[in-house]
Amino acid sequence: MLQMGIKNKENLDGILKFLLDHRLIFDVSEVDNSNSRFIRQTTFWDDFVLDRSGTESQLILERKKIVLLGCGATGSKLLEVLVRSGVNDITIVDYKNLSESNRTSHNYYDKNYVGKPKVEALQDFLLKINKNIEVNPFNEKLFPHTDISKWIPDDSNLIINTLDEPYIGHTSLKVGRYAQIKKIPFYVGGGFDAHLMSSGEIVNPPHTPCIDCIQNTFSNALKDWKPIYTSLDNLPAKLVSKDLVKRSNYIAGGAGGLSAMSSFSANLSALKLVNFLLDDSAFSYDNERLEYLPNKGEMTIFKFEQQPKCKICNE
Ligand SMILES: [Zn+2]
């Protein structure tokens, strides 16, 4: 400051106080360097979240409890980003085993885990990123009658649902209604949405429409649409032999997709969720799902509205 020509100490103190108060500069003596793992990130939080210092934001993130339903390409990548960011108390749920066909899209694919539960492979992968995290794995399937309270602690800060076909089956409605009763924010993404290069959306009434409203929005928008499944019978014989398909443990079903698509969806979602988990007062509940159209280079927006006849929202 003195070099900049400000010679009056009172003016200098006043300017410094203004800059500090508005979080435009930081007192480096306050920065906690003991946790050097996140030092570059906390510097980013300083600019990203204006409510507090980056160090304080980091501590907020590290106290969050996350439940992930579905350890596919999108969910696992999303969780990987959150763990790299500092989230360290997580529950993961998936009933499938890792297969050769996961090689193309699952970041945590490891040939040593083929045939073993996905939750086991993902748990070990995340522990390699941060050995101090706590991971609670459930190698179980979600049925309509499943008691999901065993997977979801009451003090969870977020449930992420990236099970296949999130809005076609019963999963979102079942988990979403449970989350609503427990007042736990709920995020729906992945599944076929990953193949649309789409973000998910947060369901957290009263900030957003309820899960029933969102489900109905989708039901109306997609009433003439059906997912196209691949199956062994439908594969063109000239393209690939059935023997080859069988040898590679190919599992029929699902829309299929590219690693780039699921990664794009996961990262788009992760950006939103990190912002949310940081308790940022500037966080926007915009009720919008983003969808990227690669051939046009455009991001389109799908907006959710409260349904006028929704009994839950109109209570
Ligand atoms: Zn509603």
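Residues numbered from 1 in each chain as written. Predicted model: local features only at pLDDT ≥ 70, side-chain atom pairs only at ≥ 80, totals over all residues. Heavy atoms only, no water.

**Re the overall build of the chain**
Here is the rule: Each helix corresponds to a stretch of at least 4 residues labelled H or I by DSSP, and each strand to a stretch of at least 2 residues labelled E; elements are numbered beginning at the N terminus. Accessible area is worked out with a 1.4 Å probe on protein chains only. A residue is then buried under 20% of its type maximum, exposed over 50%, and partly exposed in between. We call two residues in contact whenever any of their non-hydrogen atoms come within 4.5 Å of each other. Here the Shrake-Rupley method, with its probe set to 1.4 Å, supplies the accessible areas, and only the displayed protein chains count as covering residues.
For the chain, the count of helices and strands is 10 helices and 8 strands. Out of the 315 residues in the chain, the part that is buried amounts to 43%. Sequence separation of 24 or more characterises 66% of the internal contacts of the chain that already satisfy a separation of 6 or more. Total accessible area on the chain stands at roughly 17,400 Å², and carbon and sulfur atoms take up 54% of it.

**A closer look at the side chain of Thr-42**
Summarising the element assignment, Thr-42 is placed in helix H2 (residues 39-48). Looking at Thr-42, the relative accessible area reads 8%, which means it is buried.

**Some points on helix H8 (residues 211-221)**
Along H8, the residues classified as buried are Ile-211, Asp-212, Cys-213, Ile-214, Gln-215, Thr-217 and Phe-218. For H8, the elements touching its buried residues are helix H6 (171-182), strand E5 (186-188), strand E6 (201-203), strand E7 (288-293) and strand E8 (298-303).

**Focus on the packing of aromatic side chains**
To keep it simple, the criterion reads: We call Phe, Tyr and Trp rings a pair once their centres come within 6.5 Å, taking the six-membered ring for Trp, and we label the pair stacked below 30 degrees between planes, edge-to-face above 60, and tilted otherwise.
Tallied over the entire structure, the rule returns 9 aromatic pairs. Between Tyr-108 and Phe-125, the aromatic rings sit 6.4 Å apart at their centres with planes inclined by 50°, giving tilted as the arrangement. In this pair, Tyr-108 sits in the loop between strand E2 (89-93) and helix H5 (118-129) while Phe-125 sits in helix H5, placing the two residues 17 residues apart along the sequence. For Tyr-108, a relative accessible area of 2% translates into the label buried. Plain terms: the ring middles of Phe-276 and Tyr-285 are 6.2 Å apart, the flat faces sit at 75° to each other, and that makes the pair edge-to-face. Note on Phe-276: relative accessible area 12%, which makes it buried. Owing to a relative accessible area of 26%, Tyr-285 belongs among the partly exposed residues under this scheme. The structure contains a cluster of three or more aromatic residues connected by ring pairs, namely Phe-44, Trp-45 and Phe-48.

**Thoughts on the environment of Leu-69**
The residue Leu-69 is located in strand E1 (residues 65-69) in this model. A relative accessible area of 2% means that Leu-69 is categorised as buried. Once the C-alpha coordinates of Leu-69 and Thr-162 are considered, the two residues, 93 residues apart in sequence, prove to be 6.0 Å apart. For Leu-69, the residues in contact, after removing those within four places along its chain, are Val-93, Trp-151, Ile-159, Ile-160, Asn-161, Thr-162, Leu-163 and Val-175.

**Focus: the nonpolar core**
The criterion, for reference: The term nonpolar core refers to a set of buried residues drawn from Ala, Val, Leu, Ile, Met, Phe, Trp, Tyr and Cys, joined through side-chain atoms within 4.5 Å.
Judged by nonpolar contacts, the single largest core of 37 residues is most densely connected at Leu-79, Ile-90 and Ile-160. Sorting the residues of this core by element identifies E1, helix H4 (73-85), E2, H5, strand E4 (158-161) and helix H10 (259-277) as the ones contributing at least two each. For this core, the element with the highest residue contribution is H10, accounting for 6 residues. When neighbours within four sequence positions are excluded, Leu-79 is seen to be in contact with Ile-66, Leu-68, Ile-90, Ile-92, Leu-122 and Leu-126. Grouped together as the second largest cluster of nonpolar side chains are 22 residues, Leu-142, Ile-148, Trp-151 and Ile-214 included.

**So, the sheet that holds E1**
Keep this limit in mind: Only when DSSP finds a minimum of two bridges between them are two strands counted as paired. Axis lines are fitted to C-alpha atoms, over the contacting stretch for helices. Their N-to-C directions set the angle, which ranges from 0 to 180 degrees.
Overall, mixed pairing links the 6 strands, which are arranged E3-E2-E1-E4-E5-E6 in an open sheet. Only two strands of the sheet have a single partner each, and these edge strands are strand E3 (134-138) and E6. Ignoring which end each strand starts from, the neighbouring axes of this sheet average 20° apart. Two elements, E1 and E4, share 4 bridges in a ladder whose sense is parallel. Counterpart to Leu-68 in the pairing with E4 is Ile-160.

**Observations concerning the environment of Asp-164**
Mapping Asp-164 onto the fold places it in the loop between E4 and H6. Accessibility expressed as a relative area gives 51% for Asp-164, which makes it exposed. Separated by 94 residues in the primary sequence, Asp-164 and Gly-70 have C-alpha atoms spaced 7.6 Å apart.

**Some details on the environment of Glu-120**
Inspection of the secondary structure assignment puts Glu-120 in helix H5. Relative accessible area serves as the criterion here: at 31%, Glu-120 is assigned to the partly exposed category.

Fair warning: the whole summary comes from geometry, so function is off the table for now.
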